[in-house]
Amino acid sequence: MADIVVKSSGLLKKYNIGGEDVPTVKKSNRNTIDVQRQRLLDGVVNVVAQDGMSGLSMRAVADYAGEKEMYLYRFFDSKTTMLSETFLRSDRDIVDKIVSEYAEIKDVNLPFRDRLYRLLDNCWQYAIEARDTGVFYVRYYYSKFLTPAIRARHDANLSEVADAVRSQFPITTDVDYLVNFLFAAFLARFMDFSSGAIEDNEKTRNQFYRMLCKIIVSYK
């Protein structure tokens, strides 16, 4: 049966006559839409980092992006959806960073503790350099918006880290628990840093790394 293709509002819609409508989008439009969506997610990060969860609204994000509030509803049906998508983007980026850093150092001809220090320092430096993203992340993570469904997706992401490092530990080690514990420790440390409770310097970093290394080595 023939298809009919019509153009509407920059989108291509393909109608299968006698069947269900199947919307499609030109590749160039998909790229533009993705850039626009990412810019709005950046706005969520900025607003929450600056004004907290209570300061977030569709209007605040629209103002950041220089758009009208109604423009956001082309991408998100609610503030909750916008928040969860921003969090999951950050969560994915963090996990990818940890796994990539581990892949780069796991075969280095250095003692385990030295490699561990390098991994921890690279991940901490990443968090410091993306401070606004980190502030957004911890504020969302400890908010009422972290639903069981979003938490489950976060846990699935962290399981990729556990899978990446599992071979470094005895088969009886609960690596998933260890990774979750270390991740929580990093979040707590970042909260202390971002609130000004601790300074970020060589002394405080080394104290933190020694504490984590002692825990990790105890599982070896």
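Rules and cut-offs
Residues numbered from 1 in each chain as written. Predicted model: local features only at pLDDT ≥ 70, side-chain atom pairs only at ≥ 80, totals over all residues. Heavy atoms only, no water. Phe/Tyr/Trp six-rings, centres within 6.5 Å; stacked < 30°, edge-to-face > 60°. Helix = DSSP H or I, 4+ residues; strand = E, 2+ residues; numbered from the N terminus. Buried < 20%, exposed > 50% of the residue type's maximum accessible area, 1.4 Å probe, protein only. Axes fitted to C-alpha atoms, helices over the stretch in contact; angles between N-to-C directions. Parallel < 35°, antiparallel > 145°, perpendicular 65-115°, else oblique. Left-handed = near helix turned anticlockwise from the far one by under 90°. Contact = heavy atoms within 4.5 Å. pLDDT = per-residue confidence, 0-100.

Undergrad: Break down the packing of aromatic side chains for me, with residues and values.
TA: Counted under the stated rule, the structure contains 16 aromatic pairs. Look at Phe 87 and Tyr 140: their rings are 4.6 Å apart centre to centre, the planes differ by 25 degrees, and that puts the pair in the stacked class. Of this pair, Phe 87 sits in helix H4 (residues 79-105) while Tyr 140 sits in helix H6 (residues 131-141); the two residues are 53 residues apart in sequence, bridging distant segments of the chain. As far as the burial class goes, Phe 87 and Tyr 140 line up, both buried. Following the ring pairs from residue to residue traces out a cluster consisting of Phe 87, Phe 136, Tyr 137, Tyr 140, Tyr 141, Tyr 142 and Phe 183.

Undergrad: Tell me about the side chain of Thr 204, and please be specific about residues and values.
TA: The residue Thr 204 is located in helix H9 (residues 202-218) in this model. Relative accessible area serves as the criterion here: at 15%, Thr 204 is assigned to the buried category.

Undergrad: How would you sum up the packing of helix H7 (residues 148-165) against helix H8 (residues 175-194)? Please name residues and give values.
TA: The angle between the axes and the distance between the axes are what describe a pair of packed helices. The contact between H7 and H8 brings their axes to 9 Å, and the two run at 110 degrees. As the angle between them shows, H7 and H8 are arranged roughly perpendicular. Both H7 and H8 take part in a crossing whose hand is right-handed. Of the residues in H8, those touching H7 at Arg 151, His 154, Asp 155, Leu 158, Ser 159, Val 161, Ala 162 and Val 165 are Val 175, Asp 176, Val 179, Asn 180 and Phe 183.

Undergrad: Please provide a residue-by-residue account of the environment of Val 61, values included.
TA: Secondary-structure assignment places Val 61 in helix H2 (residues 58-65). Looking at Val 61, the relative accessible area reads 0%, which means it is buried. Considered as a pair, Val 61 and Leu 40 are 21 residues apart in the sequence and their alpha carbons are 6.7 Å apart. Setting aside its immediate chain neighbours within four residues, Val 61 contacts Leu 40, Gly 43, Val 44, Val 47, Leu 56, Leu 72 and Met 82.

Undergrad: Please provide a residue-by-residue account of the confidence of the model for the protein chain, values included.
TA: Mean pLDDT over the protein chain: 86, with 86% of residues reaching 70 or higher. Segment residues 1-27: pLDDT under 50, and 39 contacts once partners within four positions in sequence are set aside and those in other chains are kept.

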